[in-house]
Amino acid sequence: MAAIYSLFIVNKSGGLIFYKDYGSAGRMETNDSLRLASLWHSMHAISQQLSPTVGCNGIDLLQADTFDLHCFQSLTGTKFFVVCEPGAQHMEGLLKVIYELYTDYVLKNPFYEMEMPIRCELFDLNLSQAIQKDRVSLFGR
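About the cut-offs
Residues numbered from 1 in each chain as written. Predicted model: local features only at pLDDT ≥ 70, side-chain atom pairs only at ≥ 80, totals over all residues. Heavy atoms only, no water. UniProt positions renumbered as here; feature names shortened; annotations may be inferred. Helix = DSSP H or I, 4+ residues; strand = E, 2+ residues; numbered from the N terminus. Rg over C-alpha atoms; globule rule 2.2 N^0.38 Å. Buried < 20%, exposed > 50% of the residue type's maximum accessible area, 1.4 Å probe, protein only. Contact = heavy atoms within 4.5 Å. Areas by Shrake-Rupley, 256 points an atom, 1.4 Å probe, with all protein chains shown as cover. Pairing = 2+ DSSP bridges. Axes fitted to C-alpha atoms, helices over the stretch in contact; angles between N-to-C directions. Phe/Tyr/Trp six-rings, centres within 6.5 Å; stacked < 30°, edge-to-face > 60°.

- In the annotation of an unreviewed UniProt entry, the entry for the protein chain reads Trafficking protein particle complex subunit, and the organism field reads Phoenix dactylifera.
- Recorded in UniProt for the protein chain, the comment headed Sequence similarities (unreviewed entry) runs: "Belongs to the TRAPP small subunits family. TRAPPC4 subfamily."
- The record held by UniProt for the protein chain lists under Subunit (unreviewed entry) the comment "Part of the multisubunit transport protein particle (TRAPP) complex."

**Remarks on the overall build of the protein chain**
Point 1. Secondary structure assignment for the protein chain yields three helices and five strands.
Point 2. When the helices and strands of the protein chain are placed in sequence order, the string is β-β-α-β-β-β-α-α.
Point 3. The C-alpha radius of gyration of the protein chain comes to 15 Å, within 12% of the 14 Å expected for a compact globule of 141 residues.
Point 4. When the backbone C-alpha atoms are referred to their principal axes, the protein chain occupies close to 40 × 40 × 30 Å.
Point 5. The buried share among the 141 residues of the protein chain stands at 38%.
Point 6. Counting only contacts in the protein chain whose residues sit at least 6 apart along the sequence, the fraction spanning at least 24 positions is 47%.
Point 7. Accessible surface, the protein chain: about 8,400 Å² in total, of which carbon and sulfur atoms supply 55%.

**Some thoughts on the sheet that holds strand 3 (residues 61–63)**
Point 1. Spatial strand order, 2-1-5-4-3: five strands in an open sheet with antiparallel pairing. The open sheet is flanked by strand 2 (16–21) and strand 3, the only strands paired with a single partner. The sheet shows a mean angle of 10° between the axes of neighbouring strands, taken without regard to direction.
Point 2. As paired strands, strand 1 (residues 4–10) and strand 5 (residues 79–84) are joined by six bridges and run antiparallel to one another.

**Digging into the side chain of Asn11**
Point 1. Examined against the element boundaries, Asn11 turns out to sit in the loop between strand 1 and strand 2.
Point 2. For Asn11, a relative accessible area of 6% corresponds to the buried category.
Point 3. Once you skip the residues sitting within four places of it in the chain, Asn11 turns out to touch Ile17, His41, Gly77 and Glu115.

**Overview of the environment of Ala88**
Point 1. Turning to its location among the elements, Ala88 is positioned in the loop between strand 5 and helix 2 (91–107).
Point 2. Put simply, Ala88 and Ala3 are 85 residues apart on the chain and 6.5 Å apart in space, counted from C-alpha to C-alpha.
Point 3. With residues up to four places along the chain from it excluded, the contact list for Ala88 reads Asp68 and His70.

**What to know about the packing of aromatic side chains**
Point 1. For the coordinates displayed, the defined rule picks out nine aromatic pairs.
Point 2. Ring centres of Phe8 and Tyr19 lie 4.8 Å apart, and the angle between their planes is 45°; on these two criteria the pair is classed as tilted. Of this pair, Phe8 sits in strand 1 while Tyr19 sits in strand 2, placing them eleven residues apart in sequence.
Point 3. Of the aromatic side chains, those joined through ring pairs into one cluster are Phe8, Tyr19, Trp40 and Phe81.

Take a look at the structure:
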């Protein structure tokens with residue numbers, strides 16, 4: 001079983017610009033992934049406003065019985081979040097690696113338009129390698 005079930009990248013407006021499913025059980029339909037990304041964007045924004053601590057950046061981790069949701073928000077407002085097995089370790093580091101891949105292969109791509117869905121072969125290839133590398137380091141598989 002893989003540690004990561006799915007990866008979402010949401011633009012600063014709350015639109016889903018990238019979705020990749022890594023789990024074999026419970027694959028989501030396209031509309032469900034759009035709804036989840038929009039819901040998470042809204043929850044993240046509301047949590048920033050309602051937080052009693054000054055300078056709160058929103059929800060970083062949501063833990064449930066059957067999954068964990070880890071989130072990283074860039075300075076531009078783009079959110080990267082993974083849905084993974086409960087108790088999965090080092091997801092913050094993986095999200096930062098994914099962000100670096102995003103900046104290297106998506107933002108530097110002269111054909112990419114900001115806030116639009118990501119269609120970049122080099123990003124997909126390097127993302128798959130990073131996820132596989134993370135699985136190997138976690139499970140030895």
